[in-house]
Amino acid sequence: MLKHSRLVFCTACIVIVILTCMAAGCTSPQTTPATAASPTATGEGNTIAIKNFAFVPTPLTVKSGTAITWTNQDSAPHTIVSDTGSPVPIVSDSLSTGASFTFTFTQPGTYTYHCSIHPSMKGTIVVQ
Ligand SMILES: [Cu+2]
């Protein structure tokens, strides 16, 4: 009889420990590892990569008030300079590798721009 009640007591103990443990969240983490590198948006979002002597993506459509950040991923320096006729002038400094430039677009319109160092590099941003 004594043996039996001890067994019941121990089982109850284990159940309580497991329940307490679960409530405290000390079970093995259920979170799945973060998926590496989400797919890059094309024509959406608010970041533009400068790579292989091109602005990616272009054209890019954003809502008014959006801050867009360009990041130079090339070994060569680049700039972001708006073409004449752009609703608001944009002029960045020369961006070295890894440097970025952010501009907030508050006025709707179509902004065409280029790299002043490499005039063949062209981009367009449409602000709605
Ligand atoms: Cu350039």
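This structure is a prediction, so every number in the text was calculated from the model and none was measured.

### Describing the overall build of the chain
When helices and strands are counted, the chain shows one helix and eight strands. Ordered by position from N to C terminus, the α and β elements of the chain give α-β-β-β-β-β-β-β-β. Residue pairs at least 24 apart in sequence account for 47% of intrachain contacts in the chain once pairs closer than 6 positions are excluded.

### Remarks on the nonpolar core
Of all hydrophobic cores here, the largest spans 16 residues; its most connected members are Ile 48, Ile 68, Trp 70 and Ile 125. Secondary structure elements with two or more residues in this core: β1 (47-51), β4 (66-72), β6 (100-105), β7 (109-114) and β8 (122-127).

### Some words on the environment of Tyr 113
Secondary-structure assignment places Tyr 113 in strand β7. Given 25 C-beta atoms within 10 Å, Tyr 113 falls into the buried group. Expressed as a C-alpha distance, the spacing of Tyr 113 and Gly 123, which sit 10 residues apart in the sequence, is 5.3 Å. Residue contacts for Tyr 113: discarding those within four places in its chain leaves Ile 80, Val 81, Ser 82, Asp 83, Ser 86, Ile 90 and Gly 123.

### A few points about the pairing of β8
Residues Gly 123, Ile 125 and Val 127 line the buried face of β8, whereas the alternating positions Lys 122, Thr 124 and Val 126 sit on a face that is not buried. Two elements, strand β3 (residues 60-62) and β8, share three bridges in a ladder whose sense is parallel. Bridge assignment links Val 62 to a residue of β8, and that residue is Val 127.

### With respect to the sheet that holds β4
Taken in spatial order, the four strands line up as β2-β1-β4-β6 in an open sheet, and their pairing is mixed. Only two strands of the sheet have a single neighbouring strand rather than two, namely β2 (54-56) and β6. Shown here is a sheet whose adjacent strand axes are inclined to one another by a mean of 20 degrees, direction ignored.

### Brief notes about the environment of Ile 48
Residue position: Ile 48 is located in strand β1. Not counting residues within four places of it along the chain, the set of residues in contact with Ile 48 comprises Phe 55, Val 56, Pro 57, Leu 60, Ile 68, Trp 70 and Gly 123.

### Thoughts on the sheet that holds β3
Taking strand neighbours across the sheet as the criterion, the four strands line up as β3-β8-β7-β5 in an open arrangement whose pairing is mixed. Sheet topology places β3 and β5 (81-82) at the edges, where each strand pairs with a single neighbour. Of the strand pairs in this sheet, β5 and β7 are connected by two bridges, and their pairing is antiparallel. Opposite Val 81, over in β7, you have His 114 as the bridge partner.

### With respect to the confidence of the model for the chain
Per-residue confidence for the chain averages 79 on the pLDDT scale, and 66% of its residues sit at or above 70. Overall, residues 10-22 carries pLDDT values under 50, and its contacts beyond four positions in sequence, including any with other chains, amount to three contacts. Contacts from residues 25-42, a stretch scored under 50 in pLDDT, to residues over four places away or in other chains number four contacts.

### Side note on unusual backbone geometry
The omega torsion of the bond from Val 56 to Pro 57 falls at 0 degrees, within 30 degrees of zero and hence cis. Structurally, the position occupied by Pro 57 is in the loop between β2 and β3. Cis geometry is adopted by the peptide bond preceding Pro 59, which originates at Thr 58 and carries an omega value of -5 degrees. Counting through the fold element by element, Pro 59 comes out in the loop between β2 and β3. With a phi angle near 50 degrees, Asn 52 is a residue other than glycine that sits in the positive phi range. Within the secondary structure layout, Asn 52 lies in the loop between β1 and β2. Note on Asn 52: 9 C-beta atoms within 10 Å, which makes it exposed. One non-glycine residue, Phe 53, adopts positive backbone phi at about 60 degrees. For Phe 53, a count of 13 C-beta atoms within 10 Å translates into the label partly exposed.

Rules of the game
- Residues numbered from 1 in each chain as written.
- Predicted model: local features only at pLDDT ≥ 70, side-chain atom pairs only at ≥ 80, totals over all residues.
- Helix = DSSP H or I, 4+ residues; strand = E, 2+ residues; numbered from the N terminus.
- Contact = placed C-beta atoms within 7 Å.
- Core = buried A, V, L, I, M, F, W, Y, C linked by C-beta atoms within 7 Å.
- Buried ≥ 20, exposed ≤ 12 C-beta atoms within 10 Å, placed from the backbone.
- Pairing = 2+ DSSP bridges.
- Axes fitted to C-alpha atoms, helices over the stretch in contact; angles between N-to-C directions.
- pLDDT = per-residue confidence, 0-100.

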